[in-house]
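# Structure at a glance
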Amino acid sequence: MIPLLARFMKTFTILLFLLASFLLSGCWDRREVNGTALVLSAAIDKEKGKNIRLTVQVLIPRSASSGQQGGGGAYEVLARSAIGENMADAASKLQMKLTRKIFWGHCETYIIGEKLAKAGGIHKQIDFLLRHPEPRERAHLYVSNGKAEELLEKKQSNTDALETNEGESLRKLSEMRFGANVTVKDFEQMLISDSGAALLPLIKKVPSMPGMKREEMITSITGTAIFKNDKMVGQIDINVTRGLMWLRNEIEATGVTVSTKKGETITLDPLQARTKLLPTIKNGKWIILAKITSEGTIIQNGTNLDVMSHTITKRIEKDIEKDIKQRINLSVKQVKKGMNVDAFGFAEAFHRKYPKEWEKAKNHWGEILPQVEVKININTKVRLPGLSTTPAVLKGR
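Residues numbered from 1 in each chain as written. Predicted model: local features only at pLDDT ≥ 70, side-chain atom pairs only at ≥ 80, totals over all residues. Heavy atoms only, no water.

### Here's the deal with the packing of helix H7 (residues 238–247) against helix H8 (residues 310–339)
For the record, the criterion: Where helices are involved, their axes are fitted lines through C-alpha atoms of the stretch in contact, as for all axes, and angles between N-to-C directions lie from 0 to 180°. Labels follow the DSSP assignment, with helices taken as runs of H or I lasting at least four residues and strands as runs of E lasting at least two, numbered in each case from the N terminus. Angle categories are assigned with fixed cut-offs, so that under 35 degrees is roughly parallel, over 145 is roughly antiparallel, 65 to 115 is roughly perpendicular, and the rest are oblique. The contact definition used throughout considers only heavy atoms, calling two residues in contact when any of these lie within 4.5 Å. In this classification, Asp, Glu, Lys and Arg are treated as charged, Ala, Val, Leu, Ile, Met, Phe, Trp, Tyr, Cys and Pro as nonpolar, and every other residue, Gly included, as polar.
It is at 7 Å that the axes of H7 and H8 come closest, and there the two elements cross at 95°. Relative to H8, the element H7 is oriented roughly perpendicular. Along the contact surface, H7 presents Asn239, Val240, Arg242, Gly243, Leu244, Trp246 and Leu247, while H8 presents Ile324, Arg327, Ile328, Leu330, Ser331, Val332 and Gln334. For the contact of H7 with H8, the per-class residue count stands at 8 nonpolar, 4 polar and 2 charged.

Have a look at this one:
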């Protein structure tokens, strides 16, 4: 028994040694950082015919022996572009212009030019991002107001800049939920959904402050691009986007400001918000009830109203509900009625509750959508009056 155990331990030791030797031998497919062109963000624009222009903003790491001091100076950001029949073809031609191997794994931002978005066929381009092993499915997608390549100009040296490149700035803005937050995977799922509708945040260069020069402009989310069957059919501004986000149950970082009859204002910052779409088909009539609940804290009281009073609080809640309802109705008017696009998820709601009826209606949903009645039920609660209970405008002053 003991010799058998000794033989087993010897064999196990040899196998363990061989395994350790294999692990310490290094990676056969490793890639040196100083030999890599890390793509930070990419822009896709329409060119003549069916061609596209692919522009990338690349991070070029530099070795510590380059003479530059400090972590902030150990890199260079530059932009390069190439024209091809599709993204794969353009990427191949782009590689010929770079002495370092392109790596897509760090790219978090892809910007679609407005002209390409309106021409349609974006799905054919992002297919490259879904099939290639390096690009991230969770990378963010945007539509530019104008040419996308112009947003990836080399960032000027600015000590006040918070981020080193446009891609990082846009990603962080999206994650703060001031507008639509859409990834490559999200967009693909929208296109194959029951409605075939999709949306992407709309971005453009805006002055960081009034009167600023072009080199001091920043890229900002200014609205939402609306897509139907892989083609941009319209756009809405940031205010209408808020109403759209309420219906899609995607509202997060937003404050609601209401005005009194005297022109004074009170602002509530929602802490929690939830939307349920409840579909009904009755006597051939298709109805959607949007049931919305929200609660939050008063973050500014510019009136002489006592927000500690239950009666005043109820009045504020009704005013806020009215404001939210107006935003939602405006989004329904511009997107559902004006563009005949179901960007709200109505189709999915009907499909889940009425699968048989949906099977008959899905091929002519575009004819049914304009007739769908949208009802809104909002219930808002002011949970906290804020840290201060004193009105900003004191009575008698």
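### Brief notes about the packing of helix H4 (residues 122–131) against helix H6 (residues 184–191)
Note the threshold: Throughout, a crossing is termed right-handed when the near helix is turned clockwise from the far one, and left-handed when it is turned anticlockwise from it by less than a right angle.
In contact at an axis separation of 11 Å, H4 and H6 are set at 135° when each is read in the N-to-C sense. The angle between H4 and H6 places the two elements in the oblique class. Relative to H6, the crossing made by H4 is left-handed. Residue-level contacts link Ile122, His123, Ile126, Leu129 and Leu130 of H4 to Val184, Phe187, Glu188 and Leu191 of H6.

### Focus on the environment of Gln371
Relative to the elements of secondary structure, Gln371 occurs in the loop between helix H11 (365–368) and strand E13 (373–384). A sequence separation of 34 residues divides Gln371 from Lys337, and the C-alpha atoms of the two residues are 9.3 Å apart. Residues contacting Gln371, with those up to four places away along its chain left out, are Lys285 and Trp286.

### Details of helix H2 (residues 87–95)
The periodicity of an α-helix, 3.6 residues per turn, causes residues three or four places apart in sequence to face the same way. In plain terms, the rule: The rule is simple: take the accessible area with a 1.4 Å probe, protein chains only, and divide by the maximum for that residue type; under 20% is buried, over 50% is exposed, in between is partly exposed. Each C-beta atom gives one direction from the helix axis, and the arc is the one those directions make. For this analysis, a polar contact is any N or O atom pair within 3.5 Å, provided that within protein one partner can donate a hydrogen and the other can accept it, and provided that sequence-adjacent residues contribute only side-chain to side-chain pairs.
The complete set of buried residues in H2 reads Met87, Ala90, Ala91 and Leu94. One side of H2 holds all its buried residues, which, seen down the axis, span an arc of 100°. Sitting at the head of H2, Asn86 places a side-chain oxygen 3.2 Å from the backbone nitrogen of Ala88.

### Description of the pattern of salt bridges
Stated formally: When a carboxyl oxygen of Asp or Glu is within 4 Å of a side-chain nitrogen of Lys or Arg, the pair counts as a salt bridge.
By the definition in use, this model includes 11 salt bridges. The closest approach of N and O atoms between Asp89 and Lys93, which form a salt bridge, is 3.4 Å. Of the two residues, Asp89 and Lys93 are both situated in helix H2; the distance of 4 residues between them amounts to about one turn of the helix. Since its relative accessible area comes to 35%, Lys93 is described here as partly exposed. Here Glu114 ties to Lys118 by a salt bridge, and the two come within 3.1 Å at their closest N and O atoms. Linking Glu114 with Lys118, this pair stays in helix H3 (residues 114–119), spanning 4 residues, or about one helical turn. With a relative accessible area of 15%, Glu114 lands in the buried category.

That's the geometry; what it means functionally is another story.
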